[in-house]
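The chain contents come next:
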Amino acid sequence: MSHQRKQRLKGLLDKVPPGFMVDASWLKAQGINPKSIHDYVSRGWLERIVRGVYRRPLPVGAQSISENAWAIPLLSLQWIMKYDTYLGGESALNLAGHVHYLNLGDGPRVHFYGPAPSWLKRLPVQAQIILHRDKLFGGDLTGVVDAGQNIQGASRAIDVWRWPVKASSPERAILEALDELPNHASFDNLDKIFEGLTTLRPKQLMTLLMRCRSVKVRRLFFVFSDRHRHPWSKHLDVSKIDLGSGPRALVEGGKFHPTYRIYVPKIFAAQEETRANA
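Residues numbered from 1 in each chain as written. Predicted model: local features only at pLDDT ≥ 70, side-chain atom pairs only at ≥ 80, totals over all residues. Heavy atoms only, no water.

A.B. asks: Looking at this model, I keep getting lost on the overall build of the chain. Mind explaining?
C.D. replies: Scanning the chain from terminus to terminus reveals 10 helices and 10 strands. Each of the 278 residues in the chain was classed as buried or not, and the buried ones make up 46%. The long-range share in the chain, meaning contacts at least 24 apart out of those at least 6 apart in sequence, stands at 66%. (Helix = DSSP H or I, 4+ residues; strand = E, 2+ residues; numbered from the N terminus. Buried < 20%, exposed > 50% of the residue type's maximum accessible area, 1.4 Å probe, protein only. Contact = heavy atoms within 4.5 Å.)

The structure is reproduced here in structure tokens:
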């Protein structure tokens, strides 16, 4: 092997910890051509996962990475390949300890937001990776934070390489989760989650609500907020939030919410009517 190729290999091994992955585009940007990639695979310095995606093998005898370790591809995207991909919605709420149900069936649904390569959906992980373009905030990353390091599924062999996962804060994540209503999320589940959101930060909520591009999400947020009346809700200035004009039909056969002019499940609107008539 030439000195130049040895230097490129050393650079690769320095940047990619054992168990983590990179794609062919990233390797090309490091000056590693397809022939060298093939050579690295044949020599065992890289493992091919799916077409165009490679993983640095773990040391011999090390505990293998669980196939449901979706955190490894996400961390690889965030910290090695420098994608602005982050964990959001119900998945970020789950990471923060706010989800109250167990996924059944073909593994958990994991929500990734922002720009991401299409090969994520082809990875052999026991999870349904759902990719979202960040239309809700238009690429504004306010509220995306370093959310934690103790991600289940990573092996002990790579403990030293655990970076914090970039994920939506609970304030941002609940807005992203509300955006999934009514077709891709459950009112009952989000109601239980919202009930537990007792420590949200009103200042960050105001910033995010003003930057949120969806009238539907803004209205739904205040429907849930009025329903649960957490102490932080007293510090929100609804007059500064654009709630749009005219009624919105969200739930077929639902009931019209008299304050926020949106059709929601009957129990959400009935409670408001009871308060108004009290």
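A.B. asks: Sorry if this is basic, but what is going on with the nonpolar core here?
C.D. replies: The nonpolar side chains of a soluble globular protein tend to be buried, and buried together. In this structure, Leu12, Leu27, Leu123, Ile174, Leu175, Phe187 and Phe221 are the most contacted members of the largest nonpolar core, which totals 75 residues. With residues up to four places along the chain from it excluded, the contact list for Leu123 reads Met21, Ile49, Val50, Val53 and Pro73. (Core = buried A, V, L, I, M, F, W, Y, C linked by side-chain atoms within 4.5 Å.)

A.B. asks: How should the packing of aromatic side chains be read in this particular structure?
C.D. replies: For any pair of aromatic rings, the description rests on two quantities: the centre-to-centre distance and the angle between the ring planes. Under the defined criterion, the tally for this structure stands at 13 aromatic pairs. Ring-pair connections join several aromatic residues into one group, and the members of that group are Phe187, Phe194, Phe221, Phe222, Phe224, Trp232, Tyr260 and Phe268. The side chain of Arg227 reaches across the aromatic face of Phe268, ending 4.7 Å from its centre. (Phe/Tyr/Trp six-rings, centres within 6.5 Å; stacked < 30°, edge-to-face > 60°. Lys NZ or Arg CZ within 6 Å of the ring centre and 35° of its normal.)

A.B. asks: How should unusual backbone geometry be read in this particular structure?
C.D. replies: Most peptide bonds take the trans form, and the phi angle of most residues other than glycine is negative. The linkage connecting Leu181 with the following residue, Pro182, adopts the cis geometry, with an omega of 0°. You can see Pro182 is positioned in the loop between α6 (170-178) and α7 (187-195). One non-glycine residue, Lys82, lies in the positive phi region at around 65°. Inspection of the secondary structure puts Lys82 in the loop between α4 (71-80) and β4 (86-87). A relative accessible area of 58% means that Lys82 is categorised as exposed. One non-glycine residue, Arg261, adopts positive backbone phi at about 50°. With respect to the secondary-structure elements, Arg261 resides in the loop between β9 (255-256) and β10 (263-264).

A.B. asks: Help me understand helix α9 (residues 215-228) in this model?
C.D. replies: Every α-helix winds through 3.6 residues per turn, so residues three or four apart in the chain are directed the same way. Over its 14 residues, α9 runs 20 Å from end to end, which matches the ideal 20 Å to within 8%, given 1.5 Å per residue. The buried fraction of α9 is high, at 14 of 14 residues. (Expected span 1.5 Å × (residues − 1).)

A.B. asks: Sorry if this is basic, but what is going on with the pattern of salt bridges here?
C.D. replies: Between side chains of opposite charge, a pair can form as their charged atoms come close. If you walk through the whole model with that rule in mind, you get nine salt bridges. Residue Arg43 pairs with Asp39 through a salt bridge whose shortest N-O separation is 2.9 Å. For Glu171, the salt bridge identified is with Arg201, shortest N-O distance 2.9 Å. Within this pair, whereas Glu171 is found in helix α6, its partner Arg201 is found in the loop between α7 and α8 (202-211), the two being separated by 30 residues in sequence. Taken together, the salt bridges that share partners define one network made up of Asp134, Arg172 and Glu176. (Salt bridge = Lys/Arg side-chain N within 4 Å of Asp/Glu carboxyl O.)

A.B. asks: What is the right way to read the packing of α6 against α8 from this model?
C.D. replies: When two helices pack together, their arrangement is given by the angle between the helix axes and the distance between those axes. Where α6 contacts α8, the two axes come as close as 9 Å, and the packing angle between them is 40°. Here α6 is positioned oblique relative to α8, judged by the angle of their axes. Every pair of crossing elements has a handedness; the one defined by α6 and α8 is right-handed. Seen from α6, the contacting residues are Glu171, Arg172 and Leu175; seen from α8, they are Gln204, Leu205, Leu208 and Leu209. Considered class by class, the residues forming the contact of α6 with α8 number four nonpolar, one polar and two charged. (Axes fitted to C-alpha atoms, helices over the stretch in contact; angles between N-to-C directions. Parallel < 35°, antiparallel > 145°, perpendicular 65-115°, else oblique. Left-handed = near helix turned anticlockwise from the far one by under 90°. Nonpolar A, V, L, I, M, F, W, Y, C, P; charged D, E, K, R; others polar.)

A.B. asks: Is there a simple way to think about the confidence of the model for the chain in this case?
C.D. replies: In low-pLDDT segments, the atomic positions of the prediction should not be examined closely. On average, the chain scores 86 in pLDDT, and the residues at 70 or more come to 83%. Note that residues 152-161 has pLDDT below 50 and, in this model, 21 contacts with residues that lie over four places away or in other chains. (pLDDT = per-residue confidence, 0-100.)

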